Each structure stands twice: as structure tokens, then as C-alpha cells.
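Structure assessment
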Amino acid sequence: MLQSLAGSSCVRLVEQHRSAWCFALLVLGYLLYLVFGAVVFSSVELPYEDLLRQELGKLKQRFLEEHACLSEQQLEQFLMRVLEASNYGVSVLSNASGNWNWDFTSSLFFASTVLSTTGYGHTVPLSDGGKAFCIIYSVIGIPFTLLFLTAVVQRIIVYVTRRPVLYFHIRWGFSKQVVAIIHAMVLGFVTVSCFFLIPAAIFSVLEDDWNFLESFYFCFISLSTIGLGDYVPGEGYNQKFRELYKIGITCYLLMGLIAMLVVLETFCELHELKKFRKLFYVKKDKEEDQVHIMEHDQLSFSSISDQAASMKDDQKANEPFVNSQSPTSNDSSLNN
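The following paragraphs examine the structure supplied in this document. All residue numbers refer to positions counted from 1 along the written sequence of the respective chain. pLDDT decides what is reported in this predicted model: residues at 70 or higher carry local features, side-chain atom pairs at 80 or more are listed and counted, and totals for whole chains, interfaces and linings draw on all residues regardless. Each side-chain value is worked out from all heavy atoms of the structure, with water and hydrogens disregarded.

Moving on, we come to the nonpolar core. Formed by 16 residues in total, the largest nonpolar core has its most connected members in Phe 203, Cys 219, Tyr 252 and Leu 253. Counting residues per element, the ones that place at least two in this core are helix H6 (176-206), helix H7 (212-223) and helix H8 (242-268). For this core, the element with the highest residue contribution is H8, accounting for five residues. Filtering out sequence-adjacent residues up to four positions away, Cys 219 remains in contact with Phe 195, Phe 196, Pro 199, Ala 200, Phe 203 and Tyr 252. Buried Ala, Val, Leu, Ile, Met, Phe, Trp, Tyr and Cys residues form a nonpolar core when they are joined through side-chain atoms within 4.5 Å. Exposure categories follow from relative accessible area, calculated using a 1.4 Å probe and restricted to protein chains: below 20% of the type maximum is buried, above 50% is exposed, and the middle band is partly exposed. Formed by seven residues, the second largest nonpolar core is a distinct cluster that contains Leu 149, Leu 187, Ile 258 and Val 262. What counts as a helix is a DSSP run of H or I of at least four residues, what counts as a strand is a run of E of at least two, and both are numbered from the N terminus. Whether two residues touch is decided by their heavy atoms; if any such pair falls within 4.5 Å, the residues are in contact.

See the structure below:
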């Protein structure tokens, strides 16, 4: 008896705080996912880092042995300066001296990466004025970009997602939820093909040092706005039509970002995902719901009364002769 009562009370307690328990599990799962990623990255990349450090150490020692007139301190000062310039996108190599990072097309590409929050980091402002302008430009431009993308996606999704789903649901009588799931899968496949697989194949041909995996990696890192900056197209010293190539990449990034947002919005509108997201949301209090309903009823009642008053005014305006003749007819009846 006591065990059954305790069990029922625990069930009621869990049901009453279901959203809080789900949120706690969500936070725990996210933290475990972060730890899992750190463990995998560390175990996979740490050996390669160690090999690279050993290789660089051997090259440095060999260079010092071949050039005895050069001290280790002087070499390290030179390397620090070269690495600092490389972090700003400036290379000392002779085959890369013809590429400018701040011509118009490169600046346009940089502005697009800033506004889309991709931020490859391969090119950064050098002067204090450029850094100050970048702050002001980003503060205004990033919300402006979000507004622009939201407006574009809101219009595209009507023709790409909602109308096709309603067409198959109404015209052919299929279940709306099933049609929405199949449509989301097809749209996701088309987006992956048009903005990941095909561009990756193109980049692997245009970029001499990239294979298909590295090109696909660049497409994903760019369109997900991660922007690590380890792979940036159009930076080769022998790149043909570099200006036109940079403009094409800028258009690709903008169109790909819009396509990604359309796909994400399409999946977010699925009924199953909506139910899943509600598990982690805070439920509204009944009092707030009642206040919302009362306000809605008051607004609807006032709108109905306003509509009725306007309809009466329109009827009076449309019947001027009836109103004007009624007093005279009453006076004549009284005289008779």
C-alpha cells in the first residue's frame, strides 16, 4: 500500500515537473557531447601535432647547422615576424607577393564573411581605423543581415515548402504530416547536392591543393558559419580570374546560407519536431493563458462592435433619402 502510494506520488512529481527534468537531461546531454568531442579531437589530432612539432624542430636544427653565422635567437625573431604577418594574411613568399588582400573583390569577400558571421580569419584589418570601422560595420550590418535573411527565407519558404505540401495534401489527399516529412527529406537532399556535393567537386578542380574531402569540408564549414579559415578559396598565387572567382564565391556563400536557412525552417515546421521541442520549453501558467484569452476576447468584441458601428454608418450614408423624408412624412401626418 505504502509502496503504491509512494510510486504514484513520484509519478505525479515527475509529471508536474516534466519540462524541468527534460531541460536538465538536455543540459547534461549537451555537456557530455562537448566532452565527447574534446576526447575524440584530442585523441585524433594530438599525434599529428606531435609529428609536426618534431618535423619542424628537425628542420630548424638542420637550418641552423647549415647556416652557422645565424643564431637561434635571430632565426626565431624572423619567424615570429613572418608568422605575425601571416596571421594578418600577408605572406613573404615570392610566389604570393602578387595577391593583395584588400583590393575591391577581396574586400567584398571579407565584408560578406563578416556580415554572415563566417569570419575565416585569414584576412583581418591592419590599421586602428580599419578595426574601429569593422566594429561599427558589424554592429549595424549583422542585425541588418539577419533581417534581410529572415525576410528572404520567409518569402521563399512559402513557395518552396508550404504550398507544395498543401498541394499534395489537398489535391491528392495524402496525410499532411507524411507529405511534410517526405518533402523535407527531398529538399534536404537537393540542398546537399546543389550546395555541397557539386560545389565540392568544382572546388576540387579549381583549387590545386584540395581534394574532394577538403572541398566538401570547406563547403560545410562555410555554410554552417563556423569559418575556421584553414581552407580559403582563391588564395593561390597562380589562381586564374581571381577577382571573378572571389565574386562567385561571395554569391555562393550568400545563396548557400539562404538555402541552409530554408531547409532548417522546413525541418523546424515538422509536427514531430515541434512536439519534441515543447518538451524543453517552460509551460505558461493558467493565469497567463486566461489573461491572454480575456484580452483576445476583448479585442475581438471591440473589433466586432467597431465593425457593426461602421456598417450602420455605411447604411446611413447609402440611404440619405430615407432619412431625409421620414421627418416630413411625420409632420404631414400630424397636420392631417
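The rest of the description comes next.
What makes a salt bridge here is a side-chain nitrogen of Lys or Arg within 4 Å of a carboxyl oxygen of Asp or Glu, nothing more. Here the structure, examined in full by the defined rule, presents four salt bridges. Across the pair Glu 49 and Arg 53 runs a salt bridge whose closest N-O atoms are separated by 3.1 Å. Of this pair, Glu 49 and Arg 53 both sit in helix H2 (residues 18-66), four residues apart, which is roughly one turn of the helix. The exposure class of Glu 49 is partly exposed, given its relative accessible area of 37%. Among the residues examined, Arg 53 registers a relative accessible area of 56% and is labelled exposed. Across the pair Arg 162 and Glu 269 runs a salt bridge, and its minimum N-O distance is 2.6 Å.

These results come straight from atomic positions and should not be treated as a statement about function.
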